[in-house]
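Understanding the architecture of this molecule
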Amino acid sequence: MPIQLLAGMCPALTSEILMQLTSKGIKQVIDFVSMDPEKITALCGLPFKKVLSIRRVLLAQYSAFPVNGLDLYNEALSTLAVLSTSCSNLDEILDCGVYTGEVTEFVGVSVSGKTQLCQSLTIQVVGELEQNVVYIDTTGGWSVKRAADITRTRFPQKQVSSVLSRIQLCQCYDIKELQECLEQLQKSLHNQPDCFYSSLKLVVVDSVSAVLGSSFVSGTYVEGCSLLQSIGRRLNALAKDFAIAVIITNDMVSAASTTSTEFYSMKPALGRCWTFVPSVRVVLEPDKEPCQLWECKYADKSCSLFEPTIKAIVDKSVRSPRQSTLLKITNAGVANGT
Ligand SMILES: Nc1ncnc2c1ncn2[C@@H]1O[C@H](COP(=O)(O)OP(=O)(O)OP(=O)(O)O)[C@@H](O)[C@H]1O
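As the structure is a computational prediction, the values presented were derived from the model and not from experiment.

Comments concerning the overall build of the protein
- Counting its regular elements, the protein contains 14 helices and 12 strands.
- Relative to its 338 residues, the protein shows a buried fraction of 45%.
- For the protein, restricting intrachain contacts to residue pairs at least 6 apart in sequence, the fraction spanning at least 24 positions comes to 67%.
- Entry remark: accessible area of the protein is about 17400 Å², with carbon and sulfur atoms responsible for 56%.

Printed below as a string of structure tokens:
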């Protein structure tokens, strides 16, 4: 803040003193309060006591209220929540579940179970914790029938319609729509137009990589990257500012391998400019060939017999080491694998 703006606000800071300060290069309030008062006295030829009194007034009026480390720690604890996934294997590798204030990413090839996991977690949060969820679907993968089936199997005593009414579904099919949707969500969380937002604990984006293609095709590569980074920042801001858990999914794509034994290897579609976004990244690897899983994905009847097993590997985490576990997709959603 320029020191000139304080003219008339602090009686001791007269226009002559302001001129003397600015002529000696002390142009910002921060320059004044951070400089040694004796140095200011010598530099500007001002009385030492006057400099001290101006400094005291400025510090009292304009500095932030001091908070100690313990208060900050307690505040962080009170806003932190860990949402259990209902699957003990997954909770174990995630250090008890999905954390509010963080972005958790699930990466995997097509049919590796990313959407099933997102739907499963959503039903868990609305059914068990009775908290609200915003589900942003960019692939058309959200299925009300599947959500209702998981609800009926997991919470037979609850009314499906009342559980599902806690979910707000948003469909976006390009990166700009996604950006607008997140912007709108941030505004709604600030203004709280209805009580839905005060109990919002989870935001799901399935998938971020699916909206990437359209923007890279229609715009330049740099434009696509900057849009992607702004989405990443927005997701993190949502998580941190409103103590919400954010779950996103990311596809795997083949890329030229750096080892001499393989021609290509699989890599997350959202590349380097995305790596700073998630605090936790879990890679999902199905045990079956994708073609078998595709058959099952589009043949509803066989799914319950099939129950594919998925290996979940923690690839990045601020808490737990790299570890893996087995999961299974069942009629009741994601469960422990054998
Ligand atoms: N009711 C069910 N019971 C058991 N397994 C199921 C059921 N419904 C779907 N599946 C399994 O879930 C898998 C599909 O997972 P999902 O659609 O979550 O994949 P995905 O990683 O999101 O794929 P994509 O990236 O193509 O959207 C299939 O292997 C299918 O067999």
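Quick notes on the confidence of the model for the protein
- The share of residues in the protein with pLDDT of 70 or more is 87%, and the mean pLDDT across the chain is 85.
- When pLDDT is averaged over each element of the protein, strand β4 (residues 132–137) comes out on top at 97 and helix α14 (residues 300–306) at the bottom at 52.

With respect to the nonpolar core
- Counting residues in hydrophobic clusters, the biggest one holds 37 residues, and the most contacted among them are L202 and I247.
- Among the elements that take part in this core, helix α7 (residues 114–127) stands out by supplying 6 residues, more than any other.
- Those residues within four positions of L202 in sequence are excluded, and the remaining contacts are L83, L121, T122, V125, N132, V133, V134, I244, A245 and I247.
- Residues C181, L212, C225 and L228 belong to the second largest nonpolar core, which totals 34 residues.

Thoughts on the pairing of strand β6 (residues 200–206)
- Among the 7 residues of β6, 6 are classified as buried, and the element is accordingly described as predominantly covered.
- Pairing geometry for β4 and β6, over 6 bridges, is parallel. Paired with V133 across the bridge in β6 is L202.

Details of the packing of aromatic side chains
- Inspection of every chain in the model, using the stated rule, returns 2 aromatic pairs.
- Where Y135 meets W142, the ring centres are 4.7 Å apart and the plane angle is 50°; that geometry is what we call tilted.
- Of the residues examined, Y135 reaches a relative accessible area of 0% and is grouped as buried.
- Look at W142 and you get buried, because its relative accessible area is 13%.
- With a centroid separation of 5.3 Å and 80° between ring planes, the pair formed by F196 and Y197 is classed as edge-to-face.
- The ring centre of F155 lies 5.5 Å from the NZ or CZ of K158, which sits over that ring.

Description of the pattern of salt bridges
- Taken as a whole and judged by the stated rule, the model has 9 salt bridges.
- Across the salt bridge formed by E102 and R319, the nearest N and O atoms sit 2.8 Å from each other. One end of the pair, E102, is in the loop between β2 (98–99) and β3 (103–108); the other, R319, is in the loop between β10 (309–316) and β11 (324–330), and 217 residues separate them in sequence.
- Exposure remark for R319: the relative accessible area of 30% places this residue in the partly exposed category.
- For R152, the salt bridge goes to D149, with nearest N and O atoms at 3.2 Å.

Observations regarding helix α3 (residues 37–44)
- All buried positions along α3 are accounted for by P37, I40, T41 and C44. Mapping the buried residues of α3 onto a view down its axis gives an arc of 100°, with all of them on the same face. Exposed side of α3, more than 90 degrees from the buried face: E38, K39 and A42 are the residues found there.
- Immediately downstream of α3, the backbone of G45 shows phi near 65°, a positive value.

Structural notes on the pairing of β11
- Alignment of β10 against β11, held across 5 bridges, turns out to be antiparallel. Bridging from a neighbouring strand, K311 pairs with L326 of β11.
- In the sheet, β11 pairs with strand β12 (residues 333–336) via 4 bridges, with the strands oriented antiparallel. If you follow K328 over to β12, its bridge partner there is A335.
- The antiparallel hairpin formed by β11 and β12 contains 2 residues in its connecting segment.

Focus on a nonpolar patch on the surface
- Together, L70, Y73, L77, L80 and V82 make up an exposed nonpolar region whose accessible area comes to about 480 Å².
- Looking at which element gives the most residues to the nonpolar patch, the answer is helix α5 (residues 69–79), with 3 residues.
- With respect to the helices, strands and loops of the structure, L77 is situated in helix α5.
- Residue L77 is classed as partly exposed on the basis of its relative accessible area of 45%.

Reading the values: rules and limits
Residues numbered from 1 in each chain as written. Predicted model: local features only at pLDDT ≥ 70, side-chain atom pairs only at ≥ 80, totals over all residues. Heavy atoms only, no water. Helix = DSSP H or I, 4+ residues; strand = E, 2+ residues; numbered from the N terminus. Buried < 20%, exposed > 50% of the residue type's maximum accessible area, 1.4 Å probe, protein only. Contact = heavy atoms within 4.5 Å. Areas by Shrake-Rupley, 256 points an atom, 1.4 Å probe, with all protein chains shown as cover. pLDDT = per-residue confidence, 0-100. Core = buried A, V, L, I, M, F, W, Y, C linked by side-chain atoms within 4.5 Å. Pairing = 2+ DSSP bridges. Phe/Tyr/Trp six-rings, centres within 6.5 Å; stacked < 30°, edge-to-face > 60°. Lys NZ or Arg CZ within 6 Å of the ring centre and 35° of its normal. Salt bridge = Lys/Arg side-chain N within 4 Å of Asp/Glu carboxyl O. Arc of directions from axis to C-beta. Patch = residues over 30% accessible without salt bridge, like charges linked within 9 Å, V, L, I, M, F, W, Y side chains within 5 Å.

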